[in-house]
Each structure stands twice: as structure tokens, then as C-alpha cells.
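A look at the structure
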Amino acid sequence: MKAINTANITHDQQPESSWQHLLSHCFSDPVSLAKFLQLEADQLNFSAAASSQFSLKVPLPYAMRMQKGDSRDPLLLQVLPDPRELEYFPGFVTDPLQEADANHLTGLIHKYQNRVLLMLSGACAINCRYCFRRHFPYDDNKIGSQQWQNILQYIENDNSIEEVIFSGGDPLATSDQRLDKFITQLGKIKHLQRLRIHSRLPVVIPQRITDHLCQILQTTRLQTVLVIHANHANEFDHQVSAALAKLQAAKVTVLNQAVLLKGINDSVESQKRLHTASFAAGALPYYLFVLDPVQGAAHFDISDSQAQQLIRELQRQLPGYLLPRLAREIPGMPHKTLLAI
Ligand code: SF4
């Protein structure tokens, strides 16, 4: 990854570069990020030690939505390596969902009935500090041509599989050509009905939603759902809305899932703004997850009772279609677990 050159970029300027350029030229050092945000580097609560474990990575279009001069900006705090990541908290582990047990084939996780998840890319456009896969062994799960043949065979041999989920990393970090090949081959498996893509790229680099990608998604016979990931209303702007409109025009159902994060979106007002902005941009609120207990993210955690209280209040204030399902993932359970409200 190349360092970003901010010399000629103003905060209000919209980047015109290709998504590939934006993906390979992210902010990776706190000094240039601070300068871009009109802060002194020592105003950022940056930990080099935390960054050496899980690096700072912020794409330009996302950084442009951060408030200048605000070291507590809610988008910044989601991505800034923090000294608290190095503290030990009992119960916070490297594989909180115990996905290794369901990693049946290289690149494939089969833990729910009727659905398999493929780790299409180990790369992400952004490094979110609370990510439950921040310690995932992506290098052991690279899908080359042999692994892909094995995956196709596995899906073909199991008539119960109706849905393939592209995950990662970020599956849209891979090229349109590769996606086209995979989707075309999956479309030939008769018992498959749906393709779901989980990606943060439409939010953090909306330029990723190319005409070619939309054409690929529109022409597959598989019903396609794209689940974006935004945690704060400020993550939406007119470029994100334009990207989601292109997806909708390609007959893709767009949903948003969010993670409940202390200090970022744990107030009623912040949640109301998030789900309202998500819907306005074209993504229906889907899940609101409580934090997975991943090592390094405990400072984002809030209790279940606080989460339940929050969603009860939201239920009073929002129409039903704007209310996400409050859920957590429990290792070994055959589905997400909804938290009673
Ligand atoms: S984009 Fe998704 S997979 Fe990548 S670091 Fe963020 S939460 Fe994790």
C-alpha cells in the first residue's frame, strides 16, 4: 500500500480517482492523517504499538467525511489505533466466533444451514479497530484456482446450500473480472438461489460501485443482496447515495448492518440519525450487532442491558422499518441470536 499524498487535496474536494487507486493509496501514518484533518499529530490518541498489530488504514473518501479539527470525530475513532487495544480484558480473544471450527475448506466457512461463506479477499479498504476478524488467518485462506475448484465442488455436492455469501476481508476489494468469473460459475449451480455480498467498500470508497460491477450483479440469475456496513450517520454522503442508487437500479437489495460501539453510536440520537441516514441513502437497516469480544476492542463494549434499553427507546421513536434487529453472534449457534427488547 502506498502512502497518500495530501499536498493538493482540500477537505471538501471529491476524489476523482479510480477505486483501485483509492484502495492502494490510503492513509497509513498518523502524521499525514492528522495534517489532513487539520490537527497536530500529538492531538491524536494514536498508539504505534497497536498499529503494529493491526495497521492504520483509512481511504481518502472516508477521511473526507471526518470533521476537521475534531480529534474525537466518530469516524476517526473507529479507525485510529488506540493504546487501550493493548490492555488485557478477560473473555476478549483472537477468534471470538470460533470460526476456525467451521473453516471446512480453504476460503470457505460453513456454519449455518443452507448458506456458505466464502472469504474472497483478505484485504479491506479500511481497518476498523473493532473488527471481529482482525486476527483472522487470511493468509491460510487464500482462494487460488485449485481452492476455487474445491469450493465449487463442495457447493455442487450439497443440495441444501441455497445461498453463497461473499465475505472477507472485503470481497469487493477483488477485481470485477474475478467477481464475474466466480458469480458466473456459481450461477450454473442449479440449487443456488441467492448471492449475498458483505462489503464496507460502497461506504468507504463508493467509487467501487462501477457500471461493470452493477452489470455483473444485474445479469446473474441469482437474487443478489448487498449488505453494507456503516455505524454512523456521517458515513453517508451524496457519493454513497449515488453508489447505492446504482445498485438498486441493478436490482440489488441493499441492507445496512452496524455494530454498537461505545463512544461512537451508543446514544439514542446517534442511532436515530444512523438508521434514518441509511434509509435515505438507500439501505434498509438490518442488524445492529453488539460487539464481538475480540482482543483489542474491549473499550468499545457496552452492556447488553444498555443496548436493550437503547433499542427500546429507538422502537418508541422510529417507524418499524427503520429499527434494526439487535443481535449477537454466539459461537456454535446455528443462527444469529436476537437480544430480547
Ligand atoms: S471492513 Fe469489515 S472486515 Fe474489514 S476491518 Fe472493517 S469490519 Fe473488518
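Regarding the overall build of the protein chain
- Along the backbone of the protein chain there are twelve helices and nine strands.
- For the protein chain, whose C-alpha radius of gyration is 19 Å, the value lies close to the compact-globule estimate of 20 Å for 341 residues.
- Viewed in the frame of its principal axes, the protein chain has a C-alpha envelope of about 55 × 45 × 40 Å.
- Looking at the protein chain as a whole, 41% of its 341 residues are labelled buried.
- Taking all contacts inside the protein chain whose residues are at least 6 apart in sequence as the whole, residues at least 24 apart take part in 82%.

Things to note about the site of the ligand
- As a structural note, the neighbourhood of the ligand is formed by Cys 124, Ile 126, Asn 127, Cys 128, Cys 131, Arg 133, Gly 168, Gly 169, Asp 170, Arg 200 and His 229.
- Looking at the shell around the ligand residue by residue, the classes come out as four nonpolar, four polar and three charged.

Quick word on the domain arrangement of the protein chain
- Each assigned domain of the protein chain is listed with its residue range as follows: domain 1 (19-86) and domain 2 (99-338).
- The gap between the C-alpha centroids of domain 1 and domain 2 is 23 Å.
- Across the contact, 21 residues belong to domain 1 and 23 residues belong to domain 2.
- Of all the secondary structure elements, the ones that give two or more residues to the side of domain 1 that touches domain 2 are helix H1 (19-24), helix H4 (60-63) and helix H5 (76-79).

Observations regarding the environment of Arg 129
- By the element assignment, Arg 129 lies in the loop between strand E2 (115-121) and helix H6 (145-156).
- Sequence separation of Arg 129 and Phe 300 is 171 residues, and the distance between their C-alpha atoms is 9.2 Å.
- Those residues in contact with Arg 129 that sit more than four places away from it in its chain are Gln 78, Val 79, Pro 81, Asp 82, Glu 85 and Ala 297.

Comments concerning the pairing of E2
- The element E2 is largely enclosed, with a buried count of six among its seven residues.
- The turn joining strand E1 (residues 108-112) and E2, which pair antiparallel and follow one another in sequence, is formed by two residues; a positive phi near 70° is taken by Asn 114.

Observations concerning the packing of helix H7 (residues 176-187) against helix H9 (residues 211-219)
- Remark: H7 packs on H9, axes separated minimally by 10 Å, with the N-to-C direction vectors making an angle of 5°. As the angle between them shows, H7 and H9 are arranged roughly parallel. On H9, the residues touching Asp 176, Leu 179, Asp 180 and Ile 183 of H7 are His 212, Leu 213 and Ile 216.
- Considered class by class, the residues forming the contact of H7 with H9 number four nonpolar, one polar and two charged.

Observations regarding the nonpolar core
- One finds Val 58, Ala 63, Leu 118 and Val 164 to be the most contacted residues of the largest nonpolar core, which totals 92 residues.
- The biggest single contributor to this core is E2, with five residues.
- A domain-level breakdown of this core finds at least three residues from each of domain 1 (19-86) and domain 2 (99-338).

So, H9
- Buried within H9 we find Leu 213, Ile 216 and Leu 217. Mapping the buried residues of H9 onto a view down its axis gives an arc of 95°, with all of them on the same face. Summarising the geometry of H9, the exposed residues directed more than 90 degrees from the buried face are Asp 211 and Gln 215.
- For H9, the secondary structure elements touched by its buried residues are H7 and strand E5 (223-229).

Notes on the sheet that holds strand E6 (residues 253-259)
- Strand order in the open sheet formed by nine strands is E1-E2-E3-E4-E5-E6-E7-E8-E9, with mixed pairing between adjacent strands. The open sheet has two edge strands, E1 and strand E9 (337-338), and neither has a second partner.
- Pairing of strand E7 (residues 284-289) with strand E8 (residues 325-328) involves three bridges; the strand directions are parallel. Bridge pairing in E8 places Tyr 287 opposite Arg 325.

Some details on the packing of helix H11 (residues 268-281) against helix H12 (residues 304-317)
- Axis separation between H11 and H12 bottoms out at 10 Å; the angle between their running directions is 55°. Classified by the angle between their axes, H11 and H12 sit oblique to one another. Viewed along their axes, H11 and H12 form a crossing whose handedness is right-handed. Side by side, H11 and H12 meet where Val 268, Gln 271 and Lys 272 of the first sit next to Leu 310, Glu 313, Leu 314 and Gln 317 of the second.

Reading guide: rules and limits
Residues numbered from 1 in each chain as written. Predicted model: local features only at pLDDT ≥ 70, side-chain atom pairs only at ≥ 80, totals over all residues. Helix = DSSP H or I, 4+ residues; strand = E, 2+ residues; numbered from the N terminus. Rg over C-alpha atoms; globule rule 2.2 N^0.38 Å. Buried ≥ 20, exposed ≤ 12 C-beta atoms within 10 Å, placed from the backbone. Contact = placed C-beta atoms within 7 Å. Near = placed C-beta within 6 Å. Nonpolar A, V, L, I, M, F, W, Y, C, P; charged D, E, K, R; others polar. Domains from an automatic or database assignment. Pairing = 2+ DSSP bridges. Axes fitted to C-alpha atoms, helices over the stretch in contact; angles between N-to-C directions. Parallel < 35°, antiparallel > 145°, perpendicular 65-115°, else oblique. Core = buried A, V, L, I, M, F, W, Y, C linked by C-beta atoms within 7 Å. Arc of directions from axis to C-beta. Left-handed = near helix turned anticlockwise from the far one by under 90°.

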